Amino acid sequence: MSERVIPLIDQRLVSVAARIPSVTTAPTGLLGDALGRPLRDLRISVTDRCNFRCSYCMPKDIFDKDYPYLPHSSLLSFEEITRVARQFVAHGVQKIRLTGGEPLLRKHLEILIEQLAALRTTEGRPLDITLTTNGSLLARKAAALKAAGLQRVTVSLDGLDDTIFRAMNDVDFPVADVLEGIAAAQAAGLGPIKVNMVVKRGTNDHEILPMARHFKGTGIVLRFIEYMDVGATNGWRMDEVLPSAEVVQRIHSELPLVQLDAAAPGETAERWGYADGSGEIGVISSVTQAFCSDCNRARLSTEGQLYLCLFASQGHDLRHLIRGSATDEQLAGAIAAIWQGRSDRYSELRASLPPDAGTGARRVEMSYIGG
Ligand code: SAM
Ligand code: SF4
Ligand code: SF4
């Protein structure tokens, strides 16, 4: 058995203070980064805690009872999140995804959703508000989330085989309860629902076809995600990555597929439709096919650090501005300056290295900044 190396540096502490530029101009909704990429999608992590211990994300031996989760006072309040989100929207954000940890563990999340649902894009339209969840609390909360203004949910589910799924979430959580959550979300009108399956070769890849068969024809879009080298604790190995091309091949051999056009620029998933017209699947090839060139996503951590890439090793601390005396205009100016300096393209750089080489730097955990 290989020994797990516990990171010596807590990557959450590695940040630079966001600075107010000496000259701030009013947001135009057309902010571009150093590579000309617009800012369209904001992912907000509302908690760093989770009731699952998926080995690829929060391995039990590290995220144990002694793990230093953030104290409540460190978390941005709903008012603070909404205030900062408003500045992002002024810069062109059209879609907000709530994530975590497990976002449904954050108490009264509906109140935050109500506040975010009141925001309008620069063209005066409501935002596209969605949430990624492990589904464990969805059956209980779906109706209230919908009533608060949530439009859609993405539910993570790594297989239908109960033994495999219980082992992968590592807290013995049954598949049936997640399926019940998905059904409740569908009944509440939180669609089109997406289901995310992280594929680990040798662990759950034999679940690809049963999952495809199960969700085909239901209106639910199943998406297969390549197991990624996020964070520093999951012991990632290239040989456990099953390339998306192989996922498509395996499904196509039994359930013929045709490739579909991308839904929107910057969309992470490649879309494939069933040839018989009974729905579609998606594949997210973050390891084998870099899609950095049109990456328009920013990530806000639970404590108000702005991350410019899922694989970033440092955040930009906005909380000290939010909690300090910065005006909205200054906060917007600070966000603009950070985004304008963005040149992150981790997946593209990794693609140019030999397998398993990594790019050296320690990275922040997925459970801290969400997916
Ligand atoms: N707890 C929620 C959930 O599981 O849906 C939201 C947060 S979770 C960090 C967001 C997404 O990241 C999930 O779909 C999860 O499967 C995915 N994820 C976590 N670690 C990953 C990894 N190493 N590679 C690929 N996807 C990963
Ligand atoms: Fe929790 Fe989601 Fe990470 Fe699994 S993937 S441990 S459910 S945050
Ligand atoms: Fe975006 Fe970073 Fe992922 Fe590239 S590696 S697509 S820049 S989040």
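First, a word on what this report is: a plain description of the structure on this page. Given the structure is predicted, the values throughout are model-derived calculations rather than measurements.

Assigned secondary structure in the chain consists of 11 helices and 13 strands. Of all 371 residues assigned to the chain, the portion counted as buried reaches 53%. Across the chain, the fraction of contacts at a sequence separation of at least 24, relative to all contacts at a separation of at least 6, is 75%. As displayed, the chain offers around 15,700 Å² of accessible surface, 54% of which is attributable to carbon and sulfur atoms. Between the averaged position of the 41 positive side-chain charges in the chain and that of its 44 negative side-chain charges there is a distance of 4 Å.

All residues in the neighbourhood of ligand 3 are listed as Phe291, Cys292, Cys295, Arg297, Arg299, Cys309, Leu310, Phe311, Asp344, Arg345, Tyr346 and Ser347. At the level of elements, strand 11 (297–300) and helix 10 (346–351) are the ones that each hand at least two residues to the shell around ligand 3. In the shell around ligand 3, the residues fall into 7 nonpolar, 1 polar and 4 charged.

Here we take up the site of ligand 2. Lining the immediate environment of ligand 2, one finds Cys50, Phe52, Cys54, Tyr56, Cys57, Met58, Gly101 and Asn134. In the shell around ligand 2, the residues fall into 6 nonpolar, 2 polar and no charged.

The next subject is the packing of helix 1 (residues 78–90) against helix 2 (residues 109–117). The N-to-C vectors of helix 1 and helix 2 enclose an angle of 25°; their axes lie 10 Å apart at closest approach. Viewed along their axes, helix 1 and helix 2 adopt a mutual orientation that is roughly parallel. Every pair of crossing elements has a handedness; the one defined by helix 1 and helix 2 is right-handed. Within the contact between the two elements, helix 1 uses Phe78, Glu79, Ile81, Thr82 and Ala85 and helix 2 uses Leu109, Ile111, Leu112, Gln115 and Leu116. Split by residue class, the contact of helix 1 with helix 2 holds 7 nonpolar, 2 polar and 1 charged.

Below, the discussion takes up the pattern of salt bridges. On inspection of all chains with the given rule, the structure shows 20 salt bridges. Residue Asp172 is joined to Arg166 by a salt bridge in which the shortest nitrogen-to-oxygen separation is 3.4 Å. Between Arg319 and Glu303 there is a salt bridge whose closest N-O contact spans 3.8 Å. On the criterion of sequence distance, the pair formed by Arg319 in helix 8 (residues 319–322) and Glu303 in the loop between strand 11 and strand 12 (305–307) is long-range, its members being 16 residues apart. Note on Arg319: relative accessible area 22%, which makes it partly exposed. Through salt bridges with shared partners, one network takes in Arg201, Asp205, Glu246 and Arg250.

Inspection of the entire model under this criterion finds 5 aromatic pairs. Plain terms: the ring middles of Phe52 and Phe165 are 6.3 Å apart, the flat faces sit at 75° to each other, and that makes the pair edge-to-face. Here the residue Phe52 occupies a position in the loop between strand 2 (41–45) and helix 1, and Phe165 occupies one in helix 4 (residues 162–169), the gap between them amounting to 113 residues. Residue Phe52 shares its accessibility class with Phe165, and that shared class is buried. Considering the side-chain rings of Phe63 and Tyr67, the 4.5 Å spacing of their centres and the 40° angle between planes classify their relative orientation as tilted. The pair Phe63 / Tyr67 is uniform in exposure class, with both members buried. Across the ring face of Tyr227, the terminal group of Lys200 is positioned such that the distance to the ring centre comes to 4.8 Å. For the cation-ring pair, Lys216 lies above Tyr274, with the distance from its terminal atom to the ring centre recorded as 5.2 Å.

Rules behind the numbers
- Residues numbered from 1 in each chain as written.
- Chains lettered and ligands numbered in written order.
- Predicted model: local features only at pLDDT ≥ 70, side-chain atom pairs only at ≥ 80, totals over all residues.
- Heavy atoms only, no water.
- Helix = DSSP H or I, 4+ residues; strand = E, 2+ residues; numbered from the N terminus.
- Buried < 20%, exposed > 50% of the residue type's maximum accessible area, 1.4 Å probe, protein only.
- Contact = heavy atoms within 4.5 Å.
- Areas by Shrake-Rupley, 256 points an atom, 1.4 Å probe, with all protein chains shown as cover.
- Lys, Arg positive; Asp, Glu negative; His and termini not counted.
- Charge placed at Lys NZ, Arg CZ, Asp CG, Glu CD.
- Near = heavy atom within 4 Å.
- Nonpolar A, V, L, I, M, F, W, Y, C, P; charged D, E, K, R; others polar.
- Axes fitted to C-alpha atoms, helices over the stretch in contact; angles between N-to-C directions.
- Parallel < 35°, antiparallel > 145°, perpendicular 65-115°, else oblique.
- Left-handed = near helix turned anticlockwise from the far one by under 90°.
- Salt bridge = Lys/Arg side-chain N within 4 Å of Asp/Glu carboxyl O.
- Phe/Tyr/Trp six-rings, centres within 6.5 Å; stacked < 30°, edge-to-face > 60°.
- Lys NZ or Arg CZ within 6 Å of the ring centre and 35° of its normal.

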